[in-house]
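Notes for the structure review
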Amino acid sequence: MKKLLLVAVMFLALASIARAEFPSDVTILDKSSITKLSDDQLVDAYEDTIVEIDANRTFHATSGFSPKEYKDFKALLKYRLLLLVEIHSRNLEMPQF
């Protein structure tokens, strides 16, 4: 009986770890707070939100990342987004692969 209970507890612990999520870095603001943001703050908030959504989707679509891998992946997504914004602001054509 003790072995069965131990196996059940271990299974529940592993299942909860597998479903664990990383906390979001995005603060959800209400409409009045959004209107008070400067242009730079508004763009930063939008970029952070896009990165968070993409990272979250990827996290759930795969077996998950370690905390360091998740942080590194989000940084890479942010870098890609910043490059795209700069390319667009310079009216350059996107490289085709």
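All of these numbers come straight from a predicted model, not from anything done at the bench.

We now examine the nonpolar core. Core analysis: the largest hydrophobic core is formed by 6 residues, namely Val51, Ala55, Phe59, Tyr70, Leu77 and Leu81. If you list the elements that add at least two residues to this core, you get helix 3 (39-61) and helix 4 (67-89).

As a further point, take the pattern of salt bridges. As enumerated under the stated definition, the model contains 6 salt bridges in all. Between Arg90 and Glu86 there is a salt bridge, and its shortest N-O distance comes to 2.5 Å. In this structure Arg90 comes out as exposed when scored by relative accessible area, which is 54%. Using a relative accessible area of 36% as the deciding quantity, one classes Glu86 as partly exposed. One network of salt bridges, in which partners are shared, links Glu47, Asp48 and Lys78.

So, about the environment of Leu84. Structurally, Leu84 is set in helix 4. Between the alpha carbons of Leu84 and Met94 there is a distance of 8.2 Å; along the sequence they are 10 residues apart.

When pLDDT drops low, the exact placement of atoms in the prediction is not to be read closely. When pLDDT is averaged along the protein, the result is 75, and 70% of the positions lie at 70 or above. Element-level mean pLDDT values for the protein span from 55 in helix 1 (residues 2-18) up to 85 in helix 2 (residues 31-35). Note that pLDDT drops below 50 for residues 15-19; the model gives that stretch 0 contacts with residues more than four away or on any other chain.

With that settled, the discussion passes to a nonpolar patch on the surface. Residues Leu29, Ile34 and Leu42 make up a contiguous nonpolar surface patch of about 230 Å² in total accessible area. Position of Leu29 among the secondary structure elements: in the loop between helix 1 and helix 2.

With respect to the helices and strands, the residue Lys74 is situated in helix 4. Within the local environment of Lys74, its side chain forms a polar contact with the side chain of Glu52, the two groups lying 2.7 Å apart.

Conventions we followed
- Residues numbered from 1 in each chain as written.
- Predicted model: local features only at pLDDT ≥ 70, side-chain atom pairs only at ≥ 80, totals over all residues.
- Heavy atoms only, no water.
- Core = buried A, V, L, I, M, F, W, Y, C linked by side-chain atoms within 4.5 Å.
- Buried < 20%, exposed > 50% of the residue type's maximum accessible area, 1.4 Å probe, protein only.
- Helix = DSSP H or I, 4+ residues; strand = E, 2+ residues; numbered from the N terminus.
- Salt bridge = Lys/Arg side-chain N within 4 Å of Asp/Glu carboxyl O.
- pLDDT = per-residue confidence, 0-100.
- Contact = heavy atoms within 4.5 Å.
- Patch = residues over 30% accessible without salt bridge, like charges linked within 9 Å, V, L, I, M, F, W, Y side chains within 5 Å.
- Areas by Shrake-Rupley, 256 points an atom, 1.4 Å probe, with all protein chains shown as cover.
- Polar contact = N/O pair within 3.5 Å; in protein donor to acceptor, adjacent residues only side chain to side chain.

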